[in-house]
Amino acid sequence: MGTKTAEIAVYPVSVFNSNGKSFWLESLERILESHPFLEHPHKQAFYTLLFIEKAIGTAIVDNHCIRLDEPKVICIKPNSVFSLDINRASKGYIVCFTEGFFSLRYNYNVLHQFSFLKKHAATFVRFTVKQTERWNVFFKLIADEIEVNQNGVDHVLRSYLNILLYDLDRKFYKHTLNRKLPGKDKKVIDFEKLLEEKY
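Residues numbered from 1 in each chain as written. Predicted model: local features only at pLDDT ≥ 70, side-chain atom pairs only at ≥ 80, totals over all residues. Heavy atoms only, no water.

**Brief notes about the side chain of Thr-123**
Consideration 1: Locating Thr-123 in the fold gives a position in the loop between helix H2 (99–103) and strand E10 (124–126).
Consideration 2: In this structure, Thr-123 is in contact with Val-61, Ile-66, Val-73, Ile-74, Cys-75 and Phe-172, ignoring residues within four places of it in sequence. (Helix = DSSP H or I, 4+ residues; strand = E, 2+ residues; numbered from the N terminus. Contact = heavy atoms within 4.5 Å.)

Here you go:
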């Protein structure tokens, strides 16, 4: 018998020892050794992008099993039930961030404009070799920025994240970019989010 949704642990981004920050990045190599809770079904109170360059295993997001057999990005939205089974020698990155981290620089509810972050959107997208190389460069830049930790690091991280999210939105929806409609204000967005949350 499976775990009941009500019994599943819900983790904040601080579970990754993010030093009180709302943004966290780590290589996927040996990720389960440092964060074994990822192997078990759980919910997260933040967004996660799982960038798979090369791996063997599976990710399960809301009972949807995704093979980790080729380059792809998997998006785990807050409150999705998630577990990960991945080999030790995997290549790629995991990046986690809260809506609050992103919204500190950009307008309120700006994450709502990305179609792939909505509740019933697709969970993953496959990458070509060229796309994989490009994302690898970005993640190395992000890792360098975190390591250097100079003044304004959060602003730089938000900028890189913004670029990645726009790029990902284009990959999920190649022919129809989801642009913010004129006149769509905070109340309409709040209502849409409430509907997604409750239904």
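**Regarding the sheet that holds strand E3 (residues 42–44)**
Consideration 1: Pairing within the open sheet is mixed, and its 5 strands lie in the order E1-E3-E8-E5-E6. If you trace the sheet from one side to the other, it starts and ends with strand E1 (10–11) and strand E6 (64–67), each paired once.
Consideration 2: The pairing of strand E5 (residues 57–61) with E6 spans 4 bridges and is antiparallel. Opposite Ile-60, over in E6, you have Cys-65 as the bridge partner. (Pairing = 2+ DSSP bridges.)

**A look at the pattern of salt bridges**
Consideration 1: One pass over the full model with this rule turns up 6 salt bridges.
Consideration 2: Between Asp-69 and Arg-67 there is a salt bridge whose closest N-O contact spans 3.1 Å.
Consideration 3: Judged by its relative accessible area of 55%, Arg-67 falls in the exposed class.
Consideration 4: Here Glu-70 ties to Arg-126 by a salt bridge, and the two come within 2.2 Å at their closest N and O atoms. One end of the pair, Glu-70, is in the loop between E6 and strand E7 (72–76); the other, Arg-126, is in strand E10, and 56 residues separate them in sequence. (Salt bridge = Lys/Arg side-chain N within 4 Å of Asp/Glu carboxyl O. Buried < 20%, exposed > 50% of the residue type's maximum accessible area, 1.4 Å probe, protein only.)

So yeah, pure geometry; function would need other evidence.
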